[in-house]
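Examination of the molecular architecture
The chain contents come next:
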Amino acid sequence: GIAAAAPACSIVYVRENPADASSELVPELDRTKGYDPATCRRYSICGVLIESAYELAMLHLWTVTWRSERAEGAMFYTDFFGGTAAHAAASVAWVLFVLVWRDFHFFWVHRLIHPWFGMRVGDAAAGWRGKLDLGAFLYKHVHSLQHRSYNTGPWSGLSMHFVEHILYFSCVFFPSAVIRQHPLHFLVNHWHVLITPLPGHDWFYEPQGGGSYFHYLHHAHHECNYGTPLVPLDKLLGSFEDGSKYKMKEA
């Protein structure tokens, strides 16, 4: 994921830096807060190592833990097409399921590491709720590292504390570690969790950008847009923000 997506996104960022973005396009952009690609790269590479460890754990599950059953006539993972139309259709459906599952998992992991009781980050009036708020604790000591990229860039996507990496990448174990599937099902999950954060944080729609304004608003204002538009949990739970209240008032 790092080798494939980040260089292209980095080129886009160098060509069109968010600090030079049009005020008409990004009226709320704070030009005093940028993004440090060198630091973000280091944290991103640490995350890739953790995800690689998860991949090795899955390989161990297939080849060691489940291997004994193969001698009894049972494969330790399934054939992708399975010889029947129904099995092939189910395999394709599981691949598509990854798109929804990834965003569902991301929302809840992300919401876990933000304050739980509705106060904004750093709210001094939180009182006893702030002292008992695990989300506020995790934000301060873990997730705040990710939010150093106020103006996001391509390396921001995986620039996380190792605790957040452990939580974020855990999505790859479902459903492949629970039910028998073809390795491709695991690998689609694996590639998706590694690659999609990179273009999604580059801010620009073109050229070749992911341009997630939805997620940019989260980096800029924190307590909104915890998930993605594909799985609309933010709209259901009241944390959706379209950015309209941050637009510059017309003269």
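For clarity, every value in this text was computed on a predicted model and none was experimentally measured.

Considering the confidence of the model for the protein chain
When pLDDT is averaged across the protein chain, the result is 77; 71% of the residues are at 70 or more. Taking the mean pLDDT of every element in the protein chain, the minimum, 49, falls on helix 1 (residues 2-15) and the maximum, 96, on helix 6 (residues 162-168). Within the model, the stretch residues 12-29 combines pLDDT values under 50 with 37 contacts to residues more than four positions away or in other chains.

Overview of helix 2 (residues 37-65)
Between the first and last C-alpha of helix 2 there are 40 Å, a value that for 29 residues agrees with the 42 Å anticipated at 1.5 Å per step. Taken together, the buried positions of helix 2 are Thr-39, Cys-40, Ser-44, Gly-47, Ile-50, Glu-51, Tyr-54, Met-58, Leu-61 and Trp-62.

Re the nonpolar core
Within soluble globular proteins, side chains that are nonpolar generally end up buried alongside one another. Counting residues in hydrophobic clusters, the biggest one holds 16 residues, and the most contacted among them are Leu-158, Tyr-168, Phe-169, Val-172 and Val-193. Of all elements in the fold, only helix 2, helix 3 (85-112) and helix 7 (183-195) reach the threshold of two or more residues within this core. At five residues, the largest contribution of residues to this core is made by helix 2. Residues Tyr-150, Tyr-216, Leu-217 and Ala-220 belong to the second largest nonpolar core, which totals five residues.

Description of the layout of surface pockets
The space that makes up the largest pocket amounts to roughly 440 Å³. In this structure, the largest pocket is lined by 24 residues; those nearest its centre are Asp-103, Phe-106, Thr-196, Pro-197 and Thr-228. Among the secondary structure elements, those contributing two or more residues to the lining of the largest pocket are helix 3, helix 6, helix 8 (197-200) and helix 9 (213-221). No other element matches helix 3, which puts four residues into the lining of the largest pocket.

Some thoughts on the side chain of Glu-164
Locating Glu-164 in the fold gives a position in helix 6. Despite its burial, Glu-164 pairs with no opposite charge, the nearest such side chain being Arg-148 at 10 Å. Once residues within four sequence positions are removed from consideration, Glu-164 is found in contact with Ile-113, Val-142, His-143 and Gln-146.

Points about the packing of aromatic side chains
Evaluated as defined, the whole model comprises 14 aromatic pairs. Ring geometry for Phe-80 against Phe-81: centres 5.0 Å apart, planes inclined by 80°, an arrangement best described as edge-to-face. Assessed through its relative accessible area of 12%, Phe-80 is described here as buried. Three or more aromatic residues joined by ring pairs form one cluster here, namely Trp-94, Phe-97, Trp-101, Phe-104, Phe-107, Trp-108, Phe-174 and Tyr-226. Stacked on the ring of Tyr-226, the Lys or Arg Arg-111 has its end atom at 4.5 Å from the ring centre.

Structural notes on the environment of Thr-63
Within the secondary structure, Thr-63 sits in helix 2. Side-chain polar atoms of Thr-63 contact the backbone oxygen of Leu-59, separated by 2.7 Å.

Focus: the packing of helix 2 against helix 7
Running from N to C, helix 2 and helix 7 cross one another at 175°; their axes reach a closest spacing of 11 Å. Here helix 2 is positioned roughly antiparallel relative to helix 7, judged by the angle of their axes. For the pair helix 2 and helix 7, contact is made by Val-48, Glu-51, Tyr-54, Glu-55, Met-58 and Trp-62 and by Pro-183, Phe-186, Leu-187, His-190, Val-193 and Leu-194, respectively. Classifying every residue of the contact of helix 2 with helix 7 by side-chain character gives nine nonpolar, one polar and two charged.

Brief notes about the environment of Cys-46
Along the polypeptide, Cys-46 turns up in helix 2. Assessed through its relative accessible area of 42%, Cys-46 is described here as partly exposed. Between the alpha carbons of Cys-46 and His-165 there is a distance of 8.5 Å; along the sequence they are 119 residues apart.

Each value, and the rule that gives it
Residues numbered from 1 in each chain as written. Predicted model: local features only at pLDDT ≥ 70, side-chain atom pairs only at ≥ 80, totals over all residues. Heavy atoms only, no water. pLDDT = per-residue confidence, 0-100. Helix = DSSP H or I, 4+ residues; strand = E, 2+ residues; numbered from the N terminus. Contact = heavy atoms within 4.5 Å. Expected span 1.5 Å × (residues − 1). Buried < 20%, exposed > 50% of the residue type's maximum accessible area, 1.4 Å probe, protein only. Core = buried A, V, L, I, M, F, W, Y, C linked by side-chain atoms within 4.5 Å. 1 Å grid on protein atoms, 1.4 Å probe; cavity = no way out; pocket = protein on both sides within 12 Å on 5 of 7 lines; lining within 4 Å. Points joined across faces, edges and corners; volume = space filled by probe spheres on them. Lys, Arg positive; Asp, Glu negative; His and termini not counted. Salt bridge = Lys/Arg side-chain N within 4 Å of Asp/Glu carboxyl O. Phe/Tyr/Trp six-rings, centres within 6.5 Å; stacked < 30°, edge-to-face > 60°. Lys NZ or Arg CZ within 6 Å of the ring centre and 35° of its normal. Polar contact = N/O pair within 3.5 Å; in protein donor to acceptor, adjacent residues only side chain to side chain. Axes fitted to C-alpha atoms, helices over the stretch in contact; angles between N-to-C directions. Parallel < 35°, antiparallel > 145°, perpendicular 65-115°, else oblique. Nonpolar A, V, L, I, M, F, W, Y, C, P; charged D, E, K, R; others polar.

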